[in-house]
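Given next are the chains, with one letter for each unit.
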Amino acid sequence: MYVRDAKNREEVWLLDNIEAMGLDETAFRSRDYVVVVDETSGEKAGFGRIRIHKPDDAPEICELTSIGVVESWRGQGVGAHVIERLIDKASDDDFEEVYSLVGVPDYLAQFGFEPLDVGDLPSKLRDRLDSKRDDIEPDAIPMVLAVDSFEMPDRLRERFKDARPHEGEPSSDEDAEEMAEEFGIDPDDATYKYDTGRH
């Protein structure tokens, strides 16, 4: 498995999966995405995006959004490696902070993201948060990460090394709880997985 920049020819695949997962396609540009690919089969397993906001009177703002994992690849650290690649790209572009507007904050918290008061959010992202809450994810909250404090949990790195597609649902309650935990969800209250939710 590896993560690379999306190619223009993958635009239809990305849009189809974004729509199927109910993710945010606002201002879609395939070149903003990264894609996880299985080097053996060539099958695409997941994707995510950096969106750069350019306020008129302030520095550019980097947002992580539209992170999704294909159903047969879930629970194997694919989403975590998408996030890692996006953080690397943000760092390469000299961003010191990355923002995300999410309904499942515990998932991003495991990488070092912290909740942020709406009043502390750059104004461009406050407008985006309102729009996201209205149209896509009513429970979205702002989170921020200092790029140099990103952490990849060892368990997610290990899962990714042996990732392979699986059919259907997890084979046991223990597997289901482990997957829910990876996505930052309380398995007793969960109605959806992080990767199928809106970001």
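This text goes with the structure placed above it.
Chemist: Describe the packing of aromatic side chains, and please don't skip the residues or the numbers.
Modeler: A complete count under the given rule lists five aromatic pairs for this structure. Each ring, one from Y33 and one from F47, has its centre 6.4 Å from the other, and the planes form 50°; the classification is tilted. Placement of the pair is Y33 in strand β2 (residues 33-37) and F47 in strand β3 (residues 44-53), with a sequence separation of 14 residues. F47 matches Y33 in its accessibility class, with the two residues each being buried. With centroids separated by 5.7 Å and ring planes inclined at 10°, the aromatic side chains of F111 and F150 adopt a geometry described as stacked. Residue F111 is found in the loop between α3 (105-109) and β6 (114-115), and its partner F150 is found in the loop between β7 (141-146) and α5 (154-161); the two are separated by 39 residues along the sequence.

Chemist: Could you give me a rundown of unusual backbone geometry, with the residues and numbers involved?
Modeler: Not every positive phi belongs to a glycine, and S66 is a case in point at roughly 55°. The residue S66 is located in strand β4 (residues 61-69) in this model. Positive phi, normally seen in glycine, also occurs at D94, with a value near 70°.

Criteria and cut-off values
- Residues numbered from 1 in each chain as written.
- Predicted model: local features only at pLDDT ≥ 70, side-chain atom pairs only at ≥ 80, totals over all residues.
- Heavy atoms only, no water.
- Phe/Tyr/Trp six-rings, centres within 6.5 Å; stacked < 30°, edge-to-face > 60°.
- Helix = DSSP H or I, 4+ residues; strand = E, 2+ residues; numbered from the N terminus.
- Buried < 20%, exposed > 50% of the residue type's maximum accessible area, 1.4 Å probe, protein only.

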